[in-house]
Amino acid sequence: MSIFYRIFFPIIAIVLSPYYLRRMLRRGGYGNKIAYRLGRWPELGPKKSGAKRIWIQAVSVGEVSSISKLLNSLSEEKNIEIVLSGTTSTGLNFAESKFGHLLAAYGPFPLDWVLFSSQAWKKIDPDLVVMVDSELWPEHFQQARNRGIPIFIINARLSDRTFSRLIKLKGFHSLLFPENLTVVTASERQYARWQVLGLSDKEIYTSGNLKIDSVDRNRFTSSKRNQLIDEFGFQESSIVLAGISTWKGEEKLLIEIVQTLRLENLDIRLLLVPRHAERREEVMGTLRTCELPIQKHFNFMTSVWKGVSENSRSFAPRNHKHPIDYSTKFHEHDDYSLSSHGHDYADGKHQHSEYTPKGHHHPEHTEEIHSHSFDHRLSLDPVSGLPD
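Residues numbered from 1 in each chain as written. Predicted model: local features only at pLDDT ≥ 70, side-chain atom pairs only at ≥ 80, totals over all residues. Heavy atoms only, no water.

A.B. asks: What should I look at first to understand the environment of Trp 137 in this one?
C.D. replies: By the secondary structure assignment, Trp 137 is in the loop between strand E4 (128–132) and helix H7 (138–147). Judged by its relative accessible area of 29%, Trp 137 is partly exposed. Sequence separation between Trp 137 and Asp 112 is 25 residues; the distance between their C-alpha atoms is 6.5 Å. The residues touching Trp 137, leaving out its near neighbours within four places in the chain, are Phe 109, Asp 112 and Met 131. A polar side-chain atom of Trp 137 sits 2.7 Å from a polar atom in the side chain of Glu 135. (Helix = DSSP H or I, 4+ residues; strand = E, 2+ residues; numbered from the N terminus. Buried < 20%, exposed > 50% of the residue type's maximum accessible area, 1.4 Å probe, protein only. Contact = heavy atoms within 4.5 Å. Polar contact = N/O pair within 3.5 Å; in protein donor to acceptor, adjacent residues only side chain to side chain.)

A.B. asks: Explanation requested: the nonpolar core in the structure shown.
C.D. replies: Where a protein is soluble and globular, its nonpolar side chains tend to be buried together. If you look at the biggest cluster of nonpolar residues, it comprises 30 residues, and the most contacted ones within it are Leu 136, Ile 153, Phe 177 and Trp 194. Counting residues per element, the ones that place at least two in this core are helix H6 (114–124), E4, H7, strand E5 (151–156), helix H8 (160–168), strand E6 (181–185) and helix H10 (188–196). With near-sequence residues (within four places) excluded, Ile 153 lies in contact with Met 131, Ser 134, Glu 135, Leu 136, Phe 141, Leu 181, Thr 182, Val 183, Val 184 and Trp 194. The next biggest cluster of nonpolar side chains, apart from the first, holds 19 residues, and it includes Leu 74, Ile 82, Leu 84 and Val 132. (Core = buried A, V, L, I, M, F, W, Y, C linked by side-chain atoms within 4.5 Å.)

A.B. asks: Hey, could you run me through unusual backbone geometry in this one?
C.D. replies: At Asp 125, a position not held by glycine, the phi torsion is positive, near 50 degrees. Here Asp 125 lies in the loop between H6 and E4. Judged by relative accessible area, which is 42%, Asp 125 ranks as partly exposed. Positive phi, normally seen in glycine, also occurs at Ser 134, with a value near 65 degrees. The topology assignment puts Ser 134 in the loop between E4 and H7.

So this is what it looks like as structure tokens:
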């Protein structure tokens, strides 16, 4: 089966290349370390005496953020070296800025074809492979199997669509679920899904959702929270609902929630951080259609605030003598620091992957959302999004 995959992978890659090249050009940043994607990682040199090298693959900002505590904990072990790979340019930039000093190496994940993958494996020479959030790469797994290297998938989650597809691809299970694979799921429901796919109880564990547990509420003081709320033009009494890493259709859902709650005379404000920056005009169009006052923001790190009123089309910061009462703040997800801060100071949060494509909440996330994501001032029903 691995030979079949190796033959057809380049054919499929060529067919799909125009689509993915357009996406990469729109998002930008993919030229950085492009040789790494072809397996040409640098020589890392011999491992320290008695040390083990762990290769962790995390696709983008959300996945890297979710393992922040894990990375910090592993870095404290003198006999562990960490190599971190990623897929998106924003995820790699985030990894470099936050964890570069902790890593033996970091760079783009190699394309999953034998020539590229084998080269990267020779350079990195890991003792353990970790995949974040259920990435399944057959050639990557084959390289691990050939070398007898264990594979861990952590925070493992399968959407309804992915789960359905994997059931139908039973003939490929030997490629996708090798015998050296251990899966650590995000919930009991996810545990059951991996069982259906043929993994035994000895190969599956449950840890909870790392993306929720990675948020450190203690590091964000009330004074810092109030400072950020003031800079965004909100009032201290405002209820802030944050849409983090949103996809098409999810912004409209959140806008409807805000509009409904404002009819109940609640001072609720919406912070939107779309996952893909190239959707900026689409999201702005949705906001204009809903006739909500908007403030656009592009650079959180330098605190450059640009407010756009749909009525006056003028710009104004929060401390302007006649501040605009903004209902909605719109931010591009390329500003990866904002996702973390949005989690910290928002009273309610929606993050993509908590919902199915039709907008319904995944049952396994219900308890997580109520216990971790919402403070005492606002609790949203996971299906309707309306107050309890």
